Amino acid sequence: MNIFRAADILLPQNSDYSKWSVVACDQYSSEPQYWEQAAAYVGDAPSTLKLIFPEAYLGEENADERIKTINATMRQYLADGIFAEYPDALIYVERTLSDGKTRRGIVGAIDLEKYDYSVGSQSAVRATEGTIVSRIPPRQRIRRNAPIELPHIIMLIDDREKKIVEGVTARKTELAKVYDFELMQDGGHIAGYILDDKAKTAVLRGLDKLEDKAGFEKKYGVKDKEVLVIAVGDGNHSLATAKACWEELKPTLTDEQRNTHPARFALAELGNLHDDSLEFEPIHRVVFGVDGDKIETALKAYYPQLSETDNGGQKITIVRGGIERAVYISDAPSNLAVGTLQKFLDDYLAENDGEIDYIHGADVVRSLAVADNSIGFIVDAMEKDDLFMTVIKDGALPRKTFSMGEAHDKRFYLEAKKI
């Protein structure tokens, strides 16, 4: 079993962890003030803030200089002994979220040879949402010359019996605690524990069972499908960037080097889809600059089976000018209503004027769809149990299908690994 494995994990020593750890770079991308406040709080202290490139600043003219500074700071931190290394380690993590619930996970390394983000992938590790390839090169520029990586990636397993991650929870008092602190800017609390050999063996054996082909086919009622062991929850473009950089490096290595090179393995947190803290929130759509009658007529033509009475099909609520009504699409092409809707919208907007926005909160959709030349579409939340089955049957979900929590509950940078 080498899909998910232990890694030589780096943690800061003699540092203020609350200043060290900062939220994922793709959060607050329209709120540079968040990052300014973080910088003011961190000051001169060692911090992951100085090792990442917040997306709020990606469009700045000095991007190349910022990347050079990031890489230089990484090298300086290594030279200055900022890090303590925990060899061949897995770290059990408990994160207290803003709603008081606790999210559990295990930090280790994903084998990038087992991950493929391309359309139609049948790899053991797969993206849950479509990968926008154009988003990878800017991230490659940051990672290409970086001596270390810091993950905000959260991976998911479908462990309905709650034995793998939760099995560690039951023994955490027997494990050595390596950090325990409050995260900055209302990020909640986090604690981490190094797995001992007994816990490590139990986790890896549990993951081995998820690879079993016969068990997989029985669990999902499928045939002629490759086993899906781990799905990407958050941070797919970061994982895709690691994969792209590995594919770029691989031709320069010998066969022996390819087996063990640290860049082949990407640090990530592995969680259980069935963790009680994990809630999927729907992401709705509003289209601006369109003729509402025209787009509704096109939707009916695109799906002739569409009905305004409940025919047992997938439900989509259309919102226009303060009025909303449900339509139902039977024999839908996607396992999810949001996928069925997105397929239509992609094709319609490829041939017609209009601009789509992805909205959290049905009330926001209602307020935006009051405006002339706008139309909103509200979809139900995706059930957690549908995630693996949908990816197995349909492949990666349409972009912006679901959200795993609010921005301040996203993963914070903390652990690192040499690459």
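Read on for a plain summary of the structure. (Residues numbered from 1 in each chain as written. Predicted model: local features only at pLDDT ≥ 70, side-chain atom pairs only at ≥ 80, totals over all residues. Heavy atoms only, no water.)

### Thoughts on the packing of aromatic side chains
Turning to step 1, where the next piece is worked out: The final tally for this structure, using the stated rule, is 15 aromatic pairs.
Turning to step 2, where the next piece is worked out: With centroids separated by 6.0 Å and ring planes inclined at 35°, the aromatic side chains of W20 and Y77 adopt a geometry described as tilted. With W20 in helix α1 (residues 17-20) and Y77 in helix α3 (residues 63-79), this residue pair connects regions lying 57 residues apart in the sequence. Both residues of the pair, W20 and Y77, belong to the buried class.
Turning to step 3, where the next piece is worked out: Following the ring pairs from residue to residue traces out a cluster consisting of Y302, Y303, F344 and Y348. (Phe/Tyr/Trp six-rings, centres within 6.5 Å; stacked < 30°, edge-to-face > 60°. Helix = DSSP H or I, 4+ residues; strand = E, 2+ residues; numbered from the N terminus. Buried < 20%, exposed > 50% of the residue type's maximum accessible area, 1.4 Å probe, protein only.)

### Quick look at the sheet that holds strand β20 (residues 355-359)
Turning to step 1, where the next piece is worked out: Strand order across the open sheet formed by six strands is β17-β19-β18-β21-β16-β20, with antiparallel pairing between neighbours. Both edges of this open sheet fall to β17 (306-307) and β20, since each of them pairs with a single strand only.
Turning to step 2, where the next piece is worked out: Together, β17, β18 (314-320), β19 (323-329) and β21 (374-378) form the strand contacts of helix α10 (residues 292-302), whose direction differs from that of β18 by roughly 165°.
Turning to step 3, where the next piece is worked out: Across the sheet, helix α11 (residues 337-351) is in contact with β16 (284-288), β18, β19, β20 and β21; its angle to β16 comes to roughly 20°. (Pairing = 2+ DSSP bridges. Contact = heavy atoms within 4.5 Å. Axes fitted to C-alpha atoms, helices over the stretch in contact; angles between N-to-C directions.)

### Concerning the pairing of strand β14 (residues 265-272)
Turning to step 1, where the next piece is worked out: With eight of its eight residues buried, β14 lies for the most part within the structure.
Turning to step 2, where the next piece is worked out: Bridge count between strand β6 (residues 102-111) and β14: six bridges; the pairing is antiparallel. Directly across from V107, in β14, lies its bridge partner E269.
Turning to step 3, where the next piece is worked out: Two strands pair when backbone bridges link them, and strand β10 (residues 154-157) and β14 are joined in this way by four bridges, in the parallel orientation. From the neighbouring strand, I157 faces β14, where its bridge partner is N272.

### What to know about the environment of L156
Turning to step 1, where the next piece is worked out: Considering the arrangement of structural elements, one finds L156 in strand β10.
Turning to step 2, where the next piece is worked out: According to the relative accessible area criterion, L156 is buried, its value standing at 2%.
Turning to step 3, where the next piece is worked out: Measuring from C-alpha to C-alpha, the distance between L156 and L253 comes to 31 Å, with 97 residues separating the pair along the chain.
Turning to step 4, where the next piece is worked out: In this view, L156 contacts V229, I230, A231, G233, L270, G271, N272, L273, L278, L387, F388 and M404; residues no more than four positions away in its chain are not counted.

### A closer look at the side chain of T401
Turning to step 1, where the next piece is worked out: Examined against the element boundaries, T401 turns out to sit in the loop between α13 (386-394) and β22 (402-403).
Turning to step 2, where the next piece is worked out: Aside from chain neighbours lying at most four places away, what touches T401 is E129, P282, I283, R285, L336, V338 and M382.

### Observations concerning the pattern of salt bridges
Turning to step 1, where the next piece is worked out: Under the definition given, this model contains 33 salt bridges.
Turning to step 2, where the next piece is worked out: Here E217 makes a salt bridge to K213, at a shortest N to O gap of 3.8 Å. With E217 and K213 both in helix α7 (residues 213-220) and four residues apart, this pair spans about one turn of that helix.
Turning to step 3, where the next piece is worked out: Exposure remark for E217: the relative accessible area of 17% places this residue in the buried category.
Turning to step 4, where the next piece is worked out: Look at K213 and you get partly exposed, because its relative accessible area is 32%. (Salt bridge = Lys/Arg side-chain N within 4 Å of Asp/Glu carboxyl O.)

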